[in-house]
Amino acid sequence: MGNSLSKSLLYVAPLDTYAGGGPRTSISRLDGLRQLHLDIDAIDSSQALGANKWTRRCNRIAGLSSAVRRMNALVLRRVRELGPGIVWLDRAEWMYPWTLRAIRRCGARLVYYNTDDAFSNWTNWNHWAGIHYLNLYATTNRPNVSELKRRFGCATVRVGMGFDEPFHKPVEDLKRNRTAVFIGHYEPNTERYIAALKSAGVNVQIWGQNWRRSRRRSLRDAVPLDASEYVRTIASSGAALCFLSRWNRNESTGRSLEIPAIGGLLVAEYTAEHDYLYGACGGAVLFHGVEDCVRKVRDCLQNPESSARVARIGHERCMQLGLSWQAHMRREWPIIAKILEYGPAALADADDQPFWHGFRVGVCPGTSERTYRTLSGVPVRLDGAPQ
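No experiment lies behind these values; they were computed from the predicted model shown.

K.L.:
Help me understand the overall build of the protein in this model?
P.N.:
Across its full length, the protein holds 15 helices and eleven strands. Here the protein has a C-alpha radius of gyration of 21 Å; the compact-globule value for 387 residues is 21 Å, and the two agree. In the form shown here, the protein has an accessible surface area of approximately 17,200 Å², with 49% of it arising from carbon and sulfur atoms. Here the protein contributes 52 positive and 37 negative side-chain charges, whose respective centroids are spaced 6 Å apart.

Written out as structure tokens, the structure is:
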């Protein structure tokens, strides 16, 4: 590893906790990086867009308030003071392109880590304008891997979604009830599933953002769940529902891993990714469409012993693969450093672990070698090493 990468890392991310004390995923990633004994300085960017909802909303659109300008100036000043080899940006869509350019001129390499779809909202225009200054874009969103490369010419790598090791863990001596729960934001597609479950007489409770937009009055009272109740709510449920965001084009999500980590029964939409993670071992209940969802959720609630067995298998699978944010950082930091030093061609088969062949270049489970070569843009031998 060259001298530029052996210097300190400046980690810029929101580092406040959710209401009730739950950790942000950026805090979990910082914890994982610190476990590697790296020389890390951190900047809490949680107030970068302002202190209240309306200010943050305006700044996502315009990004010109004093709060945004101050945070850009703070980051640049710290870069000039510390001289880090890498600046790691996490949820930093507020960074101005000219700030990124100035950081590059200081000799630092820029890594952007994103757990959302980079193209899900037009208010990301400021973020898009600066992407070509990045040295590496690490994303959990599979389609973004090829889209970012094609649109901005930016080196990209796919990274895994995760759970927090200290927070998302089983609760001892907690009896399961016969209630299905969903914790997540409102989307029309999710509303369709929830409405069908309720119409079928299934006892289902929901929490999350923006359910006031629901077309059904009975769902508009749903509010976000206090983070202090999150783990117990999932652990005590008869079925923990995982509906994937169409807005973010998810094929798996954080709850795909948090629910099994807690020991809850994961009842999720079928995707190739969910099938890879839990299908073969029987560690989750996967459904195809609304009718199948209603039938399987009802079966889960009526057969608690069978449900508990599936939940136990899912938990064991999650632990076996090592899907926490902390474990991801232990695997992904060497990969990120290697790409920064030698380029994407340095990726090898072993770097896809614990996922499927081609995961890092954005392919689906079971993708052919020909498609893998096309998407990666790197001629490879069958063992995955660069030619």
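From this point, the discussion proceeds with the structure in view.
K.L.:
Explain the pairing of strand E3 (residues 86–90) here, please?
P.N.:
Remember that side chains alternate between the two faces of the sheet whenever the strand is regular. Counting buried residues in E3 gives five out of five residues, a clear majority hidden from the surface. Neither face of E3 is left uncovered, since the one carrying Ile86, Trp88 and Asp90 and the one carrying Val87 and Leu89 both have all their residues buried. In this structure, strand E1 (residues 9–13) lies alongside E3, joined through four bridges in parallel fashion. Bridging from a neighbouring strand, tyrosine 11 pairs with tryptophan 88 of E3. Where E3 meets strand E4 (residues 109–114), five bridges bridge the pair, whose relative direction is parallel. Within E4, the residue paired with leucine 89 across the bridge is tyrosine 112.

K.L.:
Where do I start with the pattern of salt bridges in this structure?
P.N.:
Enumeration over the complete set of coordinates arrives at 17 salt bridges. Of the charged contacts in the structure, one is a salt bridge between glutamate 165 and arginine 330, with a shortest N-O distance of 3.4 Å. On the criterion of sequence distance, the pair formed by glutamate 165 in the loop between strand E6 (156–158) and strand E7 (180–183) and arginine 330 in helix H14 (residues 325–342) is long-range, its members being 165 residues apart. Beyond isolated ion pairs, a larger network of salt bridges with shared partners links Asp117, Glu147 and Arg249.

K.L.:
What's the story with the sheet that holds strand E11 (residues 285–287) in this structure? I'm lost.
P.N.:
Each strand in a sheet pairs with another by means of backbone hydrogen bonds, the pair being arranged parallel or else antiparallel. One open sheet accounts for five strands, arranged E8-E7-E9-E10-E11; its pairing is parallel. Looking at strand neighbours, the two that pair on one side only are strand E8 (204–207) and E11, the edges of this open sheet. Taken pair by pair, the neighbouring strands of this sheet meet at an average axis angle of 25°, ignoring direction. Pairing analysis gives four bridges linking E7 to E8, with the strands arranged parallel. Counted as the bridge partner of phenylalanine 182 is isoleucine 206 from E8. Helix H9 (residues 227–236) contacts E7, E8 and strand E9 (239–242) of the sheet and is inclined by roughly 145° relative to E7.

K.L.:
Explain the pairing of strand E5 (residues 136–139) here, please?
P.N.:
Of the two faces of E5, both are covered, the one formed by Leu136 and Ala138 as well as the one formed by Tyr137 and Thr139. As defined by bridge partners, E4 adjoins E5 across four bridges and the pair is classed as parallel. Looking at E5, one finds that valine 111 is bridged to leucine 136. After leaving E4, the chain enters helix H6 (residues 125–130) and then returns to the sheet as E5, a path that is right-handed. Summarising the sheet, E5 and E6 pair through three bridges and their orientation is parallel.

K.L.:
Teacher, can you tell me more about the packing of H9 against helix H10 (residues 255–262) here?
P.N.:
The packing of two helices is summarised by the inter-axis angle and the distance between the axes. Two elements in contact, H9 and H10, have axes separated by 9 Å at closest approach and are oriented at 75°. With respect to their mutual orientation, H9 and H10 come out roughly perpendicular. Together, Tyr230, Val231, Ile234 and Ala235 of H9 and Arg255, Glu258, Ile259 and Ile262 of H10 make up the contact between the two elements. Partitioning the contact of H9 with H10 into residue classes produces six nonpolar, no polar and two charged.

So, how was this worked out
Residues numbered from 1 in each chain as written. Predicted model: local features only at pLDDT ≥ 70, side-chain atom pairs only at ≥ 80, totals over all residues. Heavy atoms only, no water. Helix = DSSP H or I, 4+ residues; strand = E, 2+ residues; numbered from the N terminus. Rg over C-alpha atoms; globule rule 2.2 N^0.38 Å. Areas by Shrake-Rupley, 256 points an atom, 1.4 Å probe, with all protein chains shown as cover. Lys, Arg positive; Asp, Glu negative; His and termini not counted. Charge placed at Lys NZ, Arg CZ, Asp CG, Glu CD. Buried < 20%, exposed > 50% of the residue type's maximum accessible area, 1.4 Å probe, protein only. Pairing = 2+ DSSP bridges. Salt bridge = Lys/Arg side-chain N within 4 Å of Asp/Glu carboxyl O. Axes fitted to C-alpha atoms, helices over the stretch in contact; angles between N-to-C directions. Contact = heavy atoms within 4.5 Å. Right-handed = clockwise from strand over helix to strand, strands pointing away. Parallel < 35°, antiparallel > 145°, perpendicular 65-115°, else oblique. Nonpolar A, V, L, I, M, F, W, Y, C, P; charged D, E, K, R; others polar.

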